[in-house]
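What follows is each chain in one-letter form.
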Amino acid sequence: MDDISNTDQAIELLQGLGLKEYEAKSFVALTRLPQATAKEISEVSEVPRTRVYDAVRVLETKGLVEIQHANPQQFRAVGIEEAAEMLRAEYEAKTDSLREALDGIEPASGTDEQDGTHEVWSLTGRAAIGNRTRQLLGEADEEAVLILGSEAVATESLFDSLASAENREASIVVGTVTEALRDRVQAALPDAEVFVSELEWLRGSALDEDVEITRILLVDRTTILVSTTHGSDAEADEQAVFGRGFDNGLVTIVRRLMATGLLPVDDPGTD
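A brief structural summary. (Residues numbered from 1 in each chain as written. Predicted model: local features only at pLDDT ≥ 70, side-chain atom pairs only at ≥ 80, totals over all residues. Heavy atoms only, no water.)

### Focus on the packing of helix H2 (residues 21-31) against helix H4 (residues 49-61)
Running from N to C, H2 and H4 point in directions that differ by 80°, and their axes come no closer than 9 Å. By the angle class used here, H2 and H4 are roughly perpendicular. Only Arg51, Val52, Ala55, Val58 and Leu59 of H4 make contact with H2, whose side of the interface consists of Tyr22, Glu23, Ser26 and Phe27. Residue composition of the contact of H2 with H4, grouped by class: six nonpolar, one polar and two charged. (Axes fitted to C-alpha atoms, helices over the stretch in contact; angles between N-to-C directions. Helix = DSSP H or I, 4+ residues; strand = E, 2+ residues; numbered from the N terminus. Parallel < 35°, antiparallel > 145°, perpendicular 65-115°, else oblique. Contact = heavy atoms within 4.5 Å. Nonpolar A, V, L, I, M, F, W, Y, C, P; charged D, E, K, R; others polar.)

Spelled out as structure tokens, the structure:
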């Protein structure tokens, strides 16, 4: 069962990286065989034999398969590390091309840039929220206050972003809900102020006990991001809202709520 699951997952991931179904299935079949004919690939992958040849030719052009011109032809996959590097390089090249293409698109005529300092936006999915969290940390000039309500969001890339903000001489304050997580963050960021948060409402209530606040980020006291999970698939289910502007209602409310449970971080908007 595990082997079937891994095979299906590998095929799905390869398709996500740009391979078509038969190409992905043929490549995965070849990773299970030292070398194989089209007939053997078809038997293992359940790709029609006549389609195996087309799939393998595409894989060869991508540098993923080698061909021995014998009778019958023999095929073999390159090593897993080499294949992963080839796919990564191709993916990054396409991403760079996409970025350049999007940057070159002219805005629609008659559109004016909007002032977003009083707006609230939402995001769904842990990957997207993690990216936005790191982006906001990259904008920190003076301070970043981060409350971690879940071990799952405390990633190495998050720590790297916090460290980069710290290197720009921004003050870093991190609150956690457990001592174990506090120790982990402190080890990664020895110069940051790290503590177990006393924000009791982070831990939920009888009204929404299955909702978990995963992170709260306040950057320079003018930008806020709050994320939560609800349900069994926490990674896909994570949702966030964020807003900018010192007078933004969301920013003001969360800033004051955070100040009630943080170490001496005073709200400059109150006396």
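### Comments concerning the packing of H2 against helix H3 (residues 38-45)
The geometry of H2 relative to H3 is characterised by a closest axis approach of 9 Å and an angle of 100° between their N-to-C directions. As the angle between them shows, H2 and H3 are arranged roughly perpendicular. For the pair H2 and H3, contact is made by Lys25, Ser26, Ala29 and Leu30 and by Ile41, Val44 and Ser45, respectively. Considering only residue class, the contact of H2 with H3 consists of four nonpolar, two polar and one charged.

### Structural notes on the sheet that holds strand S4 (residues 143-148)
The mixed open sheet is built from seven strands, whose spatial order is S3-S9-S8-S7-S4-S5-S6. Where the open sheet ends on each side, the last strands, each with one partner, are strand S3 (120-124) and strand S6 (193-196). Across this sheet, the average inter-strand angle for adjacent strands is 15°, counted without regard to direction. In the sheet, strand S5 (residues 171-176) pairs with S6 via four bridges, with the strands oriented parallel. (Pairing = 2+ DSSP bridges.)

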